[in-house]
Amino acid sequence: MQFIPVLVLMVLFFMMMFGIGFILNMLMKTTWFPSYLFIIVILPIVVYSLWDRGDTSFLNYLGSFRLVDYLTGVAGLVGAVVSGVSIQKLRKSGFKMF
């Protein structure tokens, strides 16, 4: 595993989920919806859609994930959580448009 591509992938997932979460927070006036959306909807859909049903069982497929897969998932989740925290701080600071 090379360090630079993994780091770039983690930054990309963090920024993507932060941006999507920030926009969703502004439009829907919620704080933690993007975090719940990422955990409940996006991760299961991605994991299930990539599973080749003919080759392995689902539990063996889950066991085949490597460190890179977990790091990118955690980076995306951290981006969604940070977007909620930033919107919450902006609201407490008096920004009414958020």
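Keep in mind it's a predicted model, so treat the numbers as computed, not measured. (Residues numbered from 1 in each chain as written. Predicted model: local features only at pLDDT ≥ 70, side-chain atom pairs only at ≥ 80, totals over all residues. Heavy atoms only, no water.)

What follows covers the packing of aromatic side chains. If you walk through the whole model with that rule in mind, you get seven aromatic pairs. The structure contains a cluster of three or more aromatic residues connected by ring pairs, namely Tyr48, Trp51, Phe58, Tyr61, Phe65 and Tyr70. For Arg53, the ring lying beneath its charged end belongs to Tyr48, and the centroid distance is 4.4 Å. (Phe/Tyr/Trp six-rings, centres within 6.5 Å; stacked < 30°, edge-to-face > 60°. Lys NZ or Arg CZ within 6 Å of the ring centre and 35° of its normal.)

What follows deals with a nonpolar patch on the surface. Together, Trp32, Tyr36, Ile39, Ile40, Val41, Ile42, Ile45, Val46, Leu50, Val81 and Val85 make up a nonpolar patch on the protein surface, roughly 950 Å² of accessible area in all. Contributions of two or more residues to the nonpolar patch are made by α2 (33-50) and α4 (67-92). Counting residues per element, the nonpolar patch draws most heavily on α2, at eight residues. Turning to its location among the elements, Val41 is positioned in helix α2. (Patch = residues over 30% accessible without salt bridge, like charges linked within 9 Å, V, L, I, M, F, W, Y side chains within 5 Å. Areas by Shrake-Rupley, 256 points an atom, 1.4 Å probe, with all protein chains shown as cover. Salt bridge = Lys/Arg side-chain N within 4 Å of Asp/Glu carboxyl O. Helix = DSSP H or I, 4+ residues; strand = E, 2+ residues; numbered from the N terminus.)

With 18 residues, α2 extends 25 Å from end C-alpha to end C-alpha; this agrees with the ideal 26 Å at 1.5 Å per step. Of all the bends in α2, the greatest measures close to 30 degrees and is centred on Ile39. Among the residues of α2, Pro34, Ser35, Phe38 and Val47 are the ones counted as buried. Contact partners of the buried residues in α2: α1 (3-28), α3 (58-63) and α4. (Expected span 1.5 Å × (residues − 1). Bend = angle between axes of the 7 residues up to and from the residue. Buried < 20%, exposed > 50% of the residue type's maximum accessible area, 1.4 Å probe, protein only. Contact = heavy atoms within 4.5 Å.)

Here the focus is the side chain of Thr72. Locating Thr72 in the fold gives a position in helix α4. Here Thr72 falls in the buried class, since its relative accessible area comes to 8%. Not counting residues within four places of it along the chain, the set of residues in contact with Thr72 comprises Leu9, Met10 and Phe13.

Below, the discussion takes up α1. Since the α-helix turns once every 3.6 residues, residues separated by three or four places project in the same direction. Here α1 contains 26 residues, and its C-alpha end-to-end distance of 37 Å stays within 8% of the 38 Å for a straight helix at 1.5 Å per residue. By the burial criterion, the buried members of α1 are Val6, Met17, Gly21, Phe22, Leu24 and Asn25. On its buried side, α1 packs onto α2 and α4.

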